[in-house]
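What follows is each chain in one-letter form.
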Amino acid sequence: MPGGHALTGLCSDGVIAGECRHDARVHLLRPAQDLARLDDAALVILVGDGSVAAFGILVDRHSASLYRVAVRMLSDSHEAEDVVQDCFARLWQHAARWTPSGAGLVGWLHRVTLNLCFDRKRRFRVITTPDLPEMIDDAPLADQVIEARQAHDEMDDALGALPERYRAALVLCYIQGFSNAAAADMLGLNIKAMESLLHRARKALREILTARQIALGDLVGVAEIERGCAR
């Protein structure tokens with residue numbers, strides 16, 4: 001359980017952390033719909049004070065995005081679910097000491113998720129299974145969805161053949177749609193190193209895809225449809 005340690009730094013609106021914590025505590029007695037209007041930084045303060053309701057809102061707000069990253073990194077839906085659960089467990093444990101920086105809570109959660117994925121890949125070999133998230137059958141543009149699903153399988157195999165950090169860079173920037181700066185924060189890199197990593201990752205992926213006659217742009221198409229189905 002997180003304790004009652006005071007946060008340092010600034011909240012998103014520039015209020016000093018102590019004042020933000022005081023204001024956020026007022027919401028502890030408010031309905032859940034009021035809590036849902038708070039930004040991530042304010043909710044983390046409440047989680048640090050033991051608010052299960054605030055924690056639940058953060059889980060609902062970010063779990064789908066983290067799952068997409070984990071399942072692409074591990075190619076296993078069950079392992080991905082475990083990683084997301086572990087990530088939020090760490091948020092609960094460290095919320096009282098969390099300080100906003102860089103890409104904020106989104107960056108912190110994705111950084112923890114990636115590190116957990118890296119750790120699992122190092123500990124044991126993950127066996128790829130076809131148990132991937134199902135797409136909505138009655139979605140518009142069904143032909144495009146079918147084509148994207150076919151490209152999805154090929155792309156998943158290609159991503160799995162890449163080194164871990166190459167895969168992470170492509171997942172963050174192409175599938176998740178993060179900016180290079182945000183992805184750099186999540187991977188602990190400066191912007192130049194991130195751009196270099198992304199360049200090498202694209203080149204490596206393109207070489208793999210050339211033989212399979214899949215365009216790199218299909219990765220973006222698959223990601224857009226997946227994100228649309230997740231909404």
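Scroll up to find the structure this text is about.
Residues numbered from 1 in each chain as written. Predicted model: local features only at pLDDT ≥ 70, side-chain atom pairs only at ≥ 80, totals over all residues. Heavy atoms only, no water.

This paragraph deals with the overall build of the protein chain. Helices and strands together make up the secondary structure of the protein chain, namely 11 helices and 0 strands. Listed by position from the N terminus, the elements making up the protein chain come as α-α-α-α-α-α-α-α-α-α-α. Burial statistics for the protein chain: of 231 residues in total, 46% are counted as buried. Taking the contacts inside the protein chain whose residues are at least 6 apart along the sequence as the reference set, 65% of them involve residues at least 24 apart. Accessible area of the protein chain: about 11,800 Å², with a carbon and sulfur share of 52%. (Helix = DSSP H or I, 4+ residues; strand = E, 2+ residues; numbered from the N terminus. Buried < 20%, exposed > 50% of the residue type's maximum accessible area, 1.4 Å probe, protein only. Contact = heavy atoms within 4.5 Å. Areas by Shrake-Rupley, 256 points an atom, 1.4 Å probe, with all protein chains shown as cover.)

Counting buried residues in helix 3 (residues 40-48) gives 9 out of 9 residues, a clear majority hidden from the surface. By the burial criterion, the buried members of helix 3 are Asp-40, Ala-41, Ala-42, Leu-43, Val-44, Ile-45, Leu-46, Val-47 and Gly-48. At the exit of helix 3 stands Gly-50, carrying a positive phi of roughly 95°.

Here Arg-167 lies in helix 8 (residues 164-175). Despite being buried, Arg-167 has no salt bridge partner; Glu-164 is the closest side chain of opposite charge, sitting 5.9 Å away. Polar side-chain contacts of Arg-167 include one of 3.5 Å to the backbone oxygen of Gly-160. (Lys, Arg positive; Asp, Glu negative; His and termini not counted. Salt bridge = Lys/Arg side-chain N within 4 Å of Asp/Glu carboxyl O. Polar contact = N/O pair within 3.5 Å; in protein donor to acceptor, adjacent residues only side chain to side chain.)

Before going further, it helps to examine the environment of Leu-209. Note on placement: Leu-209 falls in helix 10 (residues 191-210). Along the backbone, Leu-209 and Asp-157 are 52 residues apart, and their C-alpha atoms lie at a distance of 9.9 Å.

The next point concerns unusual backbone geometry. A positive phi is found at Ser-75, a non-glycine position, where the angle reads about 55°. Structurally, Ser-75 is set in the loop between helix 4 (52-74) and helix 5 (77-94).

Once that is clear, we can look at helix 5. The end-to-end C-alpha distance of helix 5, which contains 18 residues, comes to 26 Å, matching closely the 26 Å that a straight helix rising 1.5 Å per residue would cover. All of the buried residues in helix 5 are Ser-77, Glu-79, Ala-80, Val-83, Val-84, Cys-87, Phe-88, Leu-91 and Trp-92. Of the surrounding elements, those touching the buried residues of helix 5 are helix 3, helix 4 and helix 6 (104-123). A distance of 3.0 Å separates the backbone nitrogen of His-78 from a side-chain oxygen at the start of helix 5, and that oxygen is part of Asp-76. (Expected span 1.5 Å × (residues − 1).)

Within this structure, the stated rule accounts for 4 salt bridges. Ionic pairing is found between Arg-120 and Glu-79, a salt bridge with its closest N-O pair at 2.4 Å. Here the residue Arg-120 occupies a position in helix 6, and Glu-79 occupies one in helix 5, the gap between them amounting to 41 residues. Grouping residues by exposure puts Arg-120 and Glu-79 together as buried.

If you want to describe how two helices pack, look at the angle between their axes and the distance between the axes. At a minimum axis separation of 9 Å, helix 5 and helix 6 run at an interaxial angle of 130°. Comparing their axes, helix 6 and helix 5 come out oblique. As for the relative orientation of helix 5 and helix 6, their crossing is right-handed in sense. Here Glu-79, Asp-82, Val-83, Asp-86, Cys-87, Phe-88, Arg-90 and Leu-91 of helix 5 lie close against helix 6, whose contacting residues are Leu-105, Trp-108, Leu-109, Val-112, Thr-113, Leu-116, Cys-117 and Arg-120. The residue inventory of the contact of helix 5 with helix 6, partitioned by class, reads 10 nonpolar, 1 polar and 5 charged. (Axes fitted to C-alpha atoms, helices over the stretch in contact; angles between N-to-C directions. Parallel < 35°, antiparallel > 145°, perpendicular 65-115°, else oblique. Left-handed = near helix turned anticlockwise from the far one by under 90°. Nonpolar A, V, L, I, M, F, W, Y, C, P; charged D, E, K, R; others polar.)

Right, let's get into the packing of helix 4 against helix 6. Direction vectors running N to C along helix 4 and helix 6 enclose 35°, while the axes themselves pass 10 Å from each other. Crossing geometry of helix 4 relative to helix 6 is assigned as right-handed. Contact residues: helix 4 offers Leu-58, His-62, Ser-65, Leu-66, Val-69, Ala-70, Met-73 and Leu-74, while helix 6 offers Leu-105, Val-106, Leu-109, His-110, Thr-113, Leu-114, Cys-117, Phe-118, Arg-120 and Lys-121. Here the residues of the contact of helix 4 with helix 6 sort into 12 nonpolar, 4 polar and 2 charged.

Within the secondary structure layout, Arg-90 lies in helix 5. A relative accessible area of 37% means that Arg-90 is categorised as partly exposed. Between the C-alpha atoms of Arg-90 and Val-112, which are 22 residues apart in sequence, the distance is 8.4 Å. The residues touching Arg-90, leaving out its near neighbours within four places in the chain, are Trp-108, Val-112 and Leu-116.

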